[in-house]
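Residue-level structure breakdown
Next come the chains, spelled out residue by residue.
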Amino acid sequence: MATATKKIQMVDLAGQYEKIKTEIDNAIASVLHSAAFINGPEVKSFQVELEKYLGVKHVIPCANGTDALQIAMMALGLKHGDEVITSNFTFVATAEVIGLLGLTPVLVDVYPGTFTLNIAAIEKAITPKTKAIVPVHLFGQCAEMEELMALAKKHHLYVIEDNAQAIGADYKYTDDKTVKAGTIGHFGTTSFFPSKNLGGYGDGGALFTNDDELAKKARSIANHGSTVQYYHDDIGVNSRLDSIQAAILRIKLRHLNEYCAARQKAAAYYDKAFANHPQIKIPERSKHSTHVFHQYTLVLHNVDRTKLREHLAAKGIPAMIYYPVPLHLQKAYKDARYKEGDFPVTEMLCASVLSLPIHTELDEETLKFITDSVLEFLK
Ligand SMILES: *Cc1c(COP(=O)(O)O)cnc(C)c1O
């Protein structure tokens, strides 16, 4: 019987660290010796290297991905009462900052196959108060950005791409022009939370933009609304990437393409094992985006998901539900505008998705053990 020799985890950050230990340890030591802990040269170098990798004019590092979304909305001058359209099937941060800023989150449903924003549903949700759309590149592939940008242009709306889960993915336009995820909208935002595809060893985040004025504004807002020390032109926030994280991220950025490839290889193994199974739907790929598999998420049909998770847990295999509750049914986001049944796709997905372990350190033996264990339960 196949047994896993190593503890199986959703993400194996320790295993990944072992392979780049010398580089990382040296980089951290060098920051400690420099004592430039905040806004040191490592932060600037990381910024420039990430700009180059993404092919974007400006990267503005900040403290985390949630702050990046908030800073983007503040830099765009969104005001109390403005409506911001976003996905109902996402991590809460997206809607949270909309609420925190006194803006009105307008939730829309997603496509059942790719889990990204349904373009027709966005169009239906647009009102005279709508100011921005926040597509989420969920689980590692881009929303349908070409259509979404055309819609935004038609209605004079800003677009902020929540790219916390898809850094490194490529978006391909109909004419084959290819750009990096997060560089299409007025802003793209990302998170360097440790488990993200480009993760530090603590918190971190960034905004991307090709617009010089927006970049200047966002940089100022992230720095207490200041461009000249002790002069404050805007009400801002304090949101910084620290130098130790930047030094770590510089090293991991050099490995990002190889990390994406490792995730794609694991996903291909899962695909092959589960393809054509009547109770399992493997993740659908967008025609316009590569998939960097922040998560590998199945949609289950006629499966007792709780029992399947117990079966896997008994074999030491974790499996997670991202996300179990749609935003409109969360206590904090309950709203008279919405009721159960209003978002049939999101509600169906919350009840039937299951994410399997996916990371850069999965070997075939482990993948076989996981897929065999899933299939054995369904027999
Ligand atoms: C992780 C994540 C965020 C928030 O990033 P933090 O760095 O944890 O603040 C925002 N949006 C999505 C879709 C995420 O997955």
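The structure we're discussing is the one just above.
Residues numbered from 1 in each chain as written. Predicted model: local features only at pLDDT ≥ 70, side-chain atom pairs only at ≥ 80, totals over all residues. Heavy atoms only, no water.

Here we look at the overall build of the protein
When helices and strands are tallied, the protein shows 13 helices and twelve strands. Here the protein has a C-alpha radius of gyration of 21 Å; the compact-globule value for 379 residues is 21 Å, and the two agree. Dimensions of the protein, computed from the C-alpha atoms along their principal axes, are close to 65 × 55 × 45 Å. The proportion of buried residues among the 379 residues of the protein is 55%. For the protein, the share of sequence-separated contacts (at least 6 apart) that also reach a separation of at least 24 residues comes to 73%. For the protein, the exposed area adds up to about 16900 Å²; of that, 55% sits on carbon and sulfur atoms. Charge-centre separation for the protein: the mean point of 40 positive side chains lies 1 Å from the mean point of 43 negative side chains. (Helix = DSSP H or I, 4+ residues; strand = E, 2+ residues; numbered from the N terminus. Rg over C-alpha atoms; globule rule 2.2 N^0.38 Å. Buried < 20%, exposed > 50% of the residue type's maximum accessible area, 1.4 Å probe, protein only. Contact = heavy atoms within 4.5 Å. Areas by Shrake-Rupley, 256 points an atom, 1.4 Å probe, with all protein chains shown as cover. Lys, Arg positive; Asp, Glu negative; His and termini not counted. Charge placed at Lys NZ, Arg CZ, Asp CG, Glu CD.)

Observations concerning the environment of His-294
Considering the arrangement of structural elements, one finds His-294 in the loop between strand E10 (280-281) and strand E11 (296-300). Under the relative-accessibility criterion, His-294 is labelled buried at 5%. In sequence terms His-294 and Tyr-230 are 64 residues apart; their C-alpha atoms lie 40 Å from each other. When near neighbours in sequence (up to four residues on either side) are disregarded, His-294 contacts Phe-139, Gly-140, Gln-165, Ser-195, Lys-196, Asn-197, Arg-263 and Ile-358. Within the local environment of His-294, its side chain forms a polar contact with the side chain of Asn-197, the two groups lying 3.0 Å apart. (Polar contact = N/O pair within 3.5 Å; in protein donor to acceptor, adjacent residues only side chain to side chain.)

Some details on the pattern of salt bridges
The full count for this structure, using the stated rule, is 17 salt bridges. When the shortest N-O distance is used, the salt bridge between Arg-250 and Glu-49 registers 2.7 Å. Linking Arg-250 in helix H9 (residues 243-254) with Glu-49 in helix H3 (residues 41-54), this pair joins segments that are 201 residues apart in sequence. You can call Arg-250 buried: its relative accessible area is 17%. Looking at Glu-49, the relative accessible area reads 26%, which means it is partly exposed. Note that Asp-304 and Lys-307 form a salt bridge whose closest N and O atoms lie 3.6 Å from each other. (Salt bridge = Lys/Arg side-chain N within 4 Å of Asp/Glu carboxyl O.)

Here's the deal with the site of the ligand
Around the ligand, the surrounding shell holds 13 residues, and the nearest of these are Gly-65, Thr-66, Asp-162, Ser-191 and Lys-196. Taking 380 Å² as the accessible area of the ligand by itself, protein coverage stands at 92%. (Near = heavy atom within 4 Å.)

Quick word on helix H11 (residues 305-314)
Those residues of H11 that fall on the buried side of the exposure criterion are Arg-305, Leu-308, His-311 and Leu-312. Projected down its long axis, H11 shows its buried positions confined to an angular sector of 120°, all on one face. Those residues of H11 that are exposed and aimed more than 90 degrees away from the buried face are Thr-306 and Ala-314. In this structure, the buried residues of H11 make contact with E11, helix H12 (344-352), strand E12 (353-356) and helix H13 (364-378). For H11, the N-terminal capping position is held by Asp-304, with its side-chain oxygen 3.3 Å away from the main-chain nitrogen of Thr-306. Directly after H11, the chain includes Gly-316, whose backbone phi takes a positive value near 80°. (Arc of directions from axis to C-beta.)

Quick notes on the sheet that holds strand E2 (residues 83-87)
The strand order E1-E9-E8-E5-E4-E2-E3 describes an open sheet built from seven strands, whose pairing is mixed. Here the strands that pair on one side only, and so sit at the sheet edges, are strand E1 (58-62) and strand E3 (104-108). Shown here is a sheet whose adjacent strand axes are inclined to one another by a mean of 25°, direction ignored. Pairing geometry for E2 and E3, over five bridges, is parallel. For Ser-87, the partnering residue across the bridge sits in E3 and is Val-108. The strands touched by H3 within the sheet are E1 and strand E9 (205-209), with E1 carrying the most contacts at an inclination of about 135°. Its contacts with the sheet place helix H8 (residues 212-222) against E1, strand E8 (187-191) and E9, and it is angled at close to 15° to E1. (Pairing = 2+ DSSP bridges. Axes fitted to C-alpha atoms, helices over the stretch in contact; angles between N-to-C directions.)

Thoughts on the packing of helix H2 (residues 21-34) against H9
Contact pair H2 / H9: the axes reach a minimum separation of 9 Å and the direction vectors enclose 150°. Judged on the interaxial angle alone, H9 and H2 are roughly antiparallel. Where H2 crosses over H9, the handedness of that crossing is right-handed. Residue-level contacts link Glu-23, Ile-24, Ala-27, Ile-28, Val-31 and Leu-32 of H2 to Ser-243, Ile-244, Ala-247, Ile-248, Ile-251, Lys-252 and Arg-254 of H9. Here the contact of H2 with H9 is built from residues that sort into nine nonpolar, one polar and three charged. (Parallel < 35°, antiparallel > 145°, perpendicular 65-115°, else oblique. Left-handed = near helix turned anticlockwise from the far one by under 90°. Nonpolar A, V, L, I, M, F, W, Y, C, P; charged D, E, K, R; others polar.)

Considering the nonpolar core
Of all hydrophobic cores here, the largest spans 49 residues; its most connected members are Phe-46, Leu-50, Ile-122 and Phe-192. Those elements that provide at least two residues to this core are H3, E3, helix H6 (119-125), helix H7 (145-154), E9, H9 and helix H10 (256-274). With five residues, the top contributor of residues to this core is H3. Both domains that meet at this core, namely domain 1 (15-254) and domain 2 (256-378), each give it at least three residues. Residues contacting Phe-46, with those up to four places away along its chain left out, are Phe-192, Leu-198, Leu-241, Ala-246, Leu-249, Arg-250 and Leu-253. Counting 39 residues, the second-largest nonpolar core is a separate cluster that includes Ala-267, Leu-312, Leu-349 and Leu-356. (Core = buried A, V, L, I, M, F, W, Y, C linked by side-chain atoms within 4.5 Å. Domains from an automatic or database assignment.)

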